Structures are given as structure tokens and as C-alpha cells.
Amino acid sequence: QLAGTVRDFFAAGTETTSLTLRWALLYLMHYPEIKTQLQKDIDNVLGQGLPTMDHKEQLPMVEAFILEVQRMANILPLNLPHSTKEDFWYQGYRFPKNSVMFFMIDSVLTDSDIFPEPTKFNPTRFIDENGKCSGEQKEKMIPFSTG
């Protein structure tokens, strides 16, 4: 059980982080105007200091960029299997108790009803009219599944 738990921590904490960073670097190379804006925001808020969670609210574009990277990169397209706790019906189909299910995360992350122009890299989709990183799109982000 300990070995399994350590594997889970490694996969969930290390692999997802490194993949997000790799994709972020790729998007920064392809969108230098976003890189310039992010650098300016970071310099204005942090100066030469180290970031803390207290800075998160002051850097909405940084958070929006990370969300958009995770949405576009879809680093976990198929999540771990889940099972139903009880029988239920969904759109005319019966799912018996203990059915094994996989959630297609990219079906949400590329849903044009939630994310207009889903194939376009656009971090500003997460920025509201007040300049904050919030809103329905942020709430519907499930880069690591549904829990």
C-alpha cells in the first residue's frame, strides 16, 4: 500500500507538473506577446522577490495563462477509472452500480459552449471585466478530472 501511495504521489505531483511546465514553455515560445505581458506583470508585482500564494490575486494573467495551458495541453485526457455507487440512468442509458467509468476530460476542455473557439490559445478567456481571473470558464476547468 505504501508503494502504491508513493507511485500516486509521484505521478500526480511530478509528472503533471513537469508536463504543464513543458507545455507552458512551448506556448511562451509561440506567443511572445503573452510572455512579455506575463514578465511585465511579474516584475511589477514581485520585483526581485520570491512569489507566494499572497501574490496570486495580484497576478490574474499568470493564473489565466496556467489555466489555458492546462486546458489546451490536456495533460490528462483520460483520468483514472471511477465506479458508480448506485444504479442510475443517463440520457436513456442505464449504468448499474459498480460500473467502471472513464471521464473524457477533453470533451469538457474543448467544449465550445464553455470555451468559445476551443482550439485557439487565449488566456484572456479566464479574465473577467474587472481584470480578475474568475468566472464560469474557470469554474468548469477540470484539467485533473472530476475528483
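Up top is the structure.
Residues numbered from 1 in each chain as written. Predicted model: local features only at pLDDT ≥ 70, side-chain atom pairs only at ≥ 80, totals over all residues. Heavy atoms only, no water.

Participant: Can you tell me about the packing of aromatic side chains, naming the residues and giving the values?
Facilitator: Tallied over the entire structure, the rule returns 7 aromatic pairs. When the ring of F65 is compared with that of F121, the centres are 5.9 Å apart and the planes differ by 80 degrees; the resulting orientation is edge-to-face. With F65 in helix α3 (residues 60-73) and F121 in the loop between α4 (105-109) and α5 (136-139), the pair connects residues that are 56 residues apart, well separated along the chain. By relative accessible area, F121 is classed as buried at 6%. Seen from their ring centres, F115 and F126 are 6.2 Å apart, and the 55 degrees between their planes marks the pair as tilted. In this pair, F115 sits in the loop between α4 and α5 while F126 sits in the loop between α4 and α5, placing the two residues 11 residues apart along the sequence. For F115, a relative accessible area of 0% gives the class buried. Grouping aromatic residues by their ring pairs yields a cluster made of W23, Y27, Y31, F65 and F121. The lysine or arginine in question, R71, covers the ring of F115, its NZ or CZ lying 5.2 Å from the ring centre. (Phe/Tyr/Trp six-rings, centres within 6.5 Å; stacked < 30°, edge-to-face > 60°. Helix = DSSP H or I, 4+ residues; strand = E, 2+ residues; numbered from the N terminus. Buried < 20%, exposed > 50% of the residue type's maximum accessible area, 1.4 Å probe, protein only. Lys NZ or Arg CZ within 6 Å of the ring centre and 35° of its normal.)

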